[in-house]
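Next come the chains, spelled out residue by residue.
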Amino acid sequence: MNINIFLSIVMVGLSMIYFLFKPMNLKQTQDKEIAQFSLEKFTLNELDKNSMVTKMNGDEGIRYNDRYVVKNIDYTDNSKEFLSNMKAKNGLYKEDIVYLSGDVNFKREDGVRFFSQKATYNKRIDVASSNVKYVAYLGQNYVTGDSVTLDNKNNKIKSKNIYAVYNLEEKKKK
């Protein structure tokens, strides 16, 4: 075979590859955050040398670098004067703040409790708050309103646009 014919065949083949074959278009994607680990039906306890400080239960949890994302969260804080328990369909625990959403149920050991669709609990300053409609109970008394802030440290409750039912006890005659 003549070298000219061979080189012509090679050139035609390379020209066909160059013109007929298209390189793959790879789409550039942004880096997604990757979970460190995931948990199912779990309990996380934070302990100090004297007792349990916090306890968090959930049906499903995902741990990222800076936060936990939890489904059906049940969070208990025993680090302050009053033991506080919070339950919700969804929870996000980040930097000592618990963000709750979906059927939030907040209870404190002295009987104060409130129900809402969204709430935030700041463990550092011991304040629970909700900026959406809520219902709060203390015994037979109840309050509804547009927002609530429960300052556990100072034992104060602040609210907006409230409707309250407060039952006064009658003094018994002697």
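See the structure printed just above.
Now for a quick tour of the structure. Keep in mind that this is a model prediction, so the values were computed, not measured.

### Focus: the nonpolar core
Part 1 of the reasoning: Met56, Ile73, Tyr75 and Phe114 are the most contacted members of the largest nonpolar core, which totals 22 residues.
Part 2 of the reasoning: Broken down by secondary-structure element, the contributors of at least two residues to this core are β3 (68-77), β4 (84-94), β5 (97-108), β6 (113-122), β8 (134-138) and β10 (147-151).
Part 3 of the reasoning: Non-local contacts of Met56, meaning those with residues more than four positions away in its chain, are made with Phe42, Thr43, Leu44, Tyr68, Val70, Ile73, Asp74, Tyr75 and Tyr93.

### Let's talk about the pattern of salt bridges
Part 1 of the reasoning: Applying the stated criterion across every chain yields a total of eight salt bridges.
Part 2 of the reasoning: A salt bridge links Lys123 to Glu46, with the nearest nitrogen and oxygen atoms 3.0 Å apart. Residue Lys123 is found in the loop between β6 and β7 (127-130), and its partner Glu46 is found in strand β1 (residues 37-47); the two are separated by 77 residues along the sequence.
Part 3 of the reasoning: The salt bridge involving Asp146 is made with Lys133; its shortest N-O contact spans 3.0 Å. Here Asp146, found in the loop between β9 (141-145) and β10, pairs with Lys133, found in the loop between β7 and β8; they are 13 residues apart in sequence, far enough to count as distant.

### Observations concerning unusual backbone geometry
Part 1 of the reasoning: The phi dihedral of Glu95 falls on the positive side, at around 50°, and the residue is not glycine.
Part 2 of the reasoning: Here Glu95 falls in the exposed class, since its relative accessible area comes to 56%.
Part 3 of the reasoning: If you check the backbone angles, Asp126 has positive phi at about 60° while not being a glycine.
Part 4 of the reasoning: Relative to the elements of secondary structure, Asp126 occurs in the loop between β6 and β7.

### A look at the pairing of β4
Part 1 of the reasoning: Relative to β4, β3 runs antiparallel, the two being bridged by nine bridges. Residue pairing in the sheet places Asp77 in a bridge with Ser84 of β4.
Part 2 of the reasoning: The antiparallel pairing of β3 with β4 creates a hairpin that spans six residues between the two strands.
Part 3 of the reasoning: Relative to β5, β4 runs antiparallel, the two sharing nine bridges. Residue pairing for β5: Lys94 is matched across the bridge by Ile97.

Thresholds applied
- Residues numbered from 1 in each chain as written.
- Predicted model: local features only at pLDDT ≥ 70, side-chain atom pairs only at ≥ 80, totals over all residues.
- Heavy atoms only, no water.
- Core = buried A, V, L, I, M, F, W, Y, C linked by side-chain atoms within 4.5 Å.
- Buried < 20%, exposed > 50% of the residue type's maximum accessible area, 1.4 Å probe, protein only.
- Helix = DSSP H or I, 4+ residues; strand = E, 2+ residues; numbered from the N terminus.
- Contact = heavy atoms within 4.5 Å.
- Salt bridge = Lys/Arg side-chain N within 4 Å of Asp/Glu carboxyl O.
- Pairing = 2+ DSSP bridges.

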